[in-house]
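# Architecture and fold: a report
For reference, the chains in residue letters:
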Amino acid sequence: MTTPHSVLRNDPATELTDVLRSVLHTGAAPFALHEPELTEVERRFVMQILDEGFVSYAGRQVGQFEAELAKACGTTDAIAVVSGTAAIHVLLHVLGIGAGQEVLCPALTFIATANAISHSGAMPHFVDCTPTDLGIDVAKLDRYLSRVASRTPDGTFNKQTGRRISAIMPVHIFGHIGEMDAIRKLAEAWKLLVVEDATESLGSRDRHGPSGGGGIAATLSFNGNKIVTTGGGGAIVTNDRELAARLKHITTTAKLPHRWNFVHDEIAFNYRLPNINAALGLGQMARLPDMLKRKRLLASRYRDGFANAKHWSFIDEPAGSSSNFWLNAVMLPEADAVLLDRTLGHLHEAGFLCRPCWTPMHLMPMYAEAPRDDLSTTESLAARIINLPSSPKLAGAPQDA
């Protein structure tokens with residue numbers, strides 16, 4: 001017995017699959033979530049490294065890659081490192097954020113945000129998000145701090161734990177820049193440093209300029225599924241020249257310059273990005289404008305495709321911003337974890353390798369006792385959101401740089 005098509009369209013899983021088929025009409029299944037796009041441009045950069053032989057830490061490509069990153073982010077400096085996690089870790093370390101301190105961060109984020117805070121010795125302190133841009137709910141956070149924190153001449157302290165709350169770490173979820181103006185105002189009022197986790201938002205912009213310039217420094221990631229990849233890798237971008245010099249020194253084993261002697265002046269990190277990875281990154285950066293154009297085109301097609309959907313709404317860029325749409329996403333009107341899981345199974349069987357949002361941080365066993373505000377919006381969104389195939393090639397073939 002067959003089921004009438006009108007009945008099938010009333011099923012959320014079937015509706016989502018039908019929209020994906022209508023939008024992604026080119027190419028063949030399976031459709032990956034976000035594939036790296038590598039062309040002859042990247043090959044030329046990498047082959048040059050192989051010809052020159054500088055595949056590890058020595059070589060000029062790391063510095064060139066850093067210069068391109070700083071230019072793209074509108075900052076004076078960039079320091080390339082081995083991962084986005086390492087970028088957050090070393091930045092917090094250099095800023096003096098560690099044991100006995102807390103860092104406010106969203107519970108709706110990838111695990112690396114919380115892990116890097118923990119690696120520094122500090123404690124992640126989880127806060128809720130908005131259902132619009134998925135970033136920190138600043139008004140809710142301000143009310144929460146008024147209840148649980150006290151402002152002193154020495155900074156802001158958690159009245160419940162006694163620890164200093166030293167920083168706030170906004171995360172630009174799926175590439176969408178949150179309420180940075182409001183975050184900066186709140187940080188000033190509560191004597192907090194603003195440390196941006198911009199690992200998903202390279203190429204995004206708000207009314208003030210490119211992502212990465214909203215605080216004392218920001219971190220980037222170049223994992224294989226990011227908009228720009230170096231295979232692995234990350235970076236810190238900043239307009240503070242003194243901070244940049246300190247970060248460069250401590251990420252390169254704190255070795256003092258000398259033609260042959262090995263003298264190091266402090267315990268440091270071997271976090272320098274290898275030259276061959278930087279070469280790949282240079283090829284990617286040369287094509288970033290084209291990839292951004294095609295990713296925004298794909299987002300526009302999704303926006304149109306879901307305009308009349310009954311069960312799913314497209315998560316769009318915040319007003320006044322231009323997102324890189326690293327991952328396109330849709331959400332149900334209400335939380336339904338069982339329906340979400342069933343829909344994901346249906347999508348994977350159809351060849352659409354979609355995924356849910358991350359499990360909220362406070363639901364991880366190692367962070368179950370971490371301080372947190374009410375996280376009802378976070379928990380609701382985690383049971384509503386599905387990420388869609390977002391590779392730039394899905395909007396058309398690349399144009400060589």
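The structure displayed is predicted, hence computed values, not measured ones. (Residues numbered from 1 in each chain as written. Predicted model: local features only at pLDDT ≥ 70, side-chain atom pairs only at ≥ 80, totals over all residues. Heavy atoms only, no water.)

Before going further, it helps to examine the side chain of Glu-66. By the secondary structure assignment, Glu-66 is in helix α4 (residues 61-73). A distance of 2.9 Å separates polar atoms of two side chains, one belonging to Glu-66 and the other to Arg-272. Contact partners of Glu-66, with chain neighbours within four places excluded, come to Ala-78, Ile-79, Ala-80, Lys-248 and Arg-272. (Helix = DSSP H or I, 4+ residues; strand = E, 2+ residues; numbered from the N terminus. Polar contact = N/O pair within 3.5 Å; in protein donor to acceptor, adjacent residues only side chain to side chain. Contact = heavy atoms within 4.5 Å.)

The full count for this structure, using the stated rule, is seven aromatic pairs. With a centroid separation of 5.8 Å and 80° between ring planes, the pair formed by Phe-126 and Tyr-367 is classed as edge-to-face. In this pair, Phe-126 sits in strand β3 (residues 123-127) while Tyr-367 sits in the loop between β14 (355-356) and α13 (376-382), placing the two residues 241 residues apart along the sequence. Taken as a pair, Phe-126 and Tyr-367 share a single burial class, namely buried. With centroids separated by 5.5 Å and ring planes inclined at 35°, the aromatic side chains of Phe-174 and Trp-358 adopt a geometry described as tilted. In this pair, Phe-174 is assigned in the loop between β6 (164-168) and α8 (180-189) and Trp-358 in the loop between β14 and α13, connecting sequence segments 184 residues apart. Trp-358 shares its class with Phe-174; the two are buried. Geometry around Trp-190 places Arg-151 over its ring, the cationic atom sitting 3.7 Å from the centre. In this structure, Lys-255 is placed above the aromatic ring of Phe-262, and the distance from its NZ or CZ to the ring centre is 5.3 Å. (Phe/Tyr/Trp six-rings, centres within 6.5 Å; stacked < 30°, edge-to-face > 60°. Buried < 20%, exposed > 50% of the residue type's maximum accessible area, 1.4 Å probe, protein only. Lys NZ or Arg CZ within 6 Å of the ring centre and 35° of its normal.)

Right, let's talk about the environment of Arg-21 for a bit. By the element assignment, Arg-21 lies in helix α2 (residues 12-23). Take Arg-21: its relative accessible area is 48%, and that puts it in the partly exposed class. Sequence-distant contacts of Arg-21, defined by excluding residues within four places in its chain, comprise Ala-350 and Phe-352.

Taken in spatial order, the four strands make up an open sheet running β12-β13-β15-β14, and their pairing is antiparallel. Edge positions in the open sheet fall to β12 (313-314) and β14, since each of these has one partner strand only. Here β12 pairs with strand β13 (residues 329-331) via two bridges, running antiparallel. Across the sheet, residue Phe-314 finds its bridge partner in β13, namely Val-330. Each of β14 and β15 (385-387) is contacted by helix α12 (residues 337-349), which is oriented at about 20° to β15, the strand it contacts most. (Pairing = 2+ DSSP bridges. Axes fitted to C-alpha atoms, helices over the stretch in contact; angles between N-to-C directions.)

A surface patch of nonpolar side chains, about 220 Å² in accessible area, is lined by Met-47, Leu-50 and Val-55. Classification of Met-47 as partly exposed rests on a relative accessible area of 31%. (Patch = residues over 30% accessible without salt bridge, like charges linked within 9 Å, V, L, I, M, F, W, Y side chains within 5 Å. Areas by Shrake-Rupley, 256 points an atom, 1.4 Å probe, with all protein chains shown as cover. Salt bridge = Lys/Arg side-chain N within 4 Å of Asp/Glu carboxyl O.)

The end-to-end C-alpha distance of helix α10 (residues 275-286) is 17 Å, a good match for the 16 Å that twelve residues give at a rise of 1.5 Å each. A large share of α10 lies buried, amounting to nine of its twelve residues. Taken together, the buried positions of α10 are Asn-275, Ala-278, Ala-279, Leu-280, Gly-281, Leu-282, Gly-283, Gln-284 and Met-285. (Expected span 1.5 Å × (residues − 1).)

A few words now on the environment of Val-94. As for its placement among the helices and strands, Val-94 is situated in helix α5 (residues 84-94). Sequence separation between Val-94 and Pro-12 is 82 residues, and the spatial gap between their C-alpha atoms is 48 Å. Every residue in contact with Val-94, bar those within four places of it in the chain, is listed here: Leu-243, Arg-246, Leu-247 and Ile-250.

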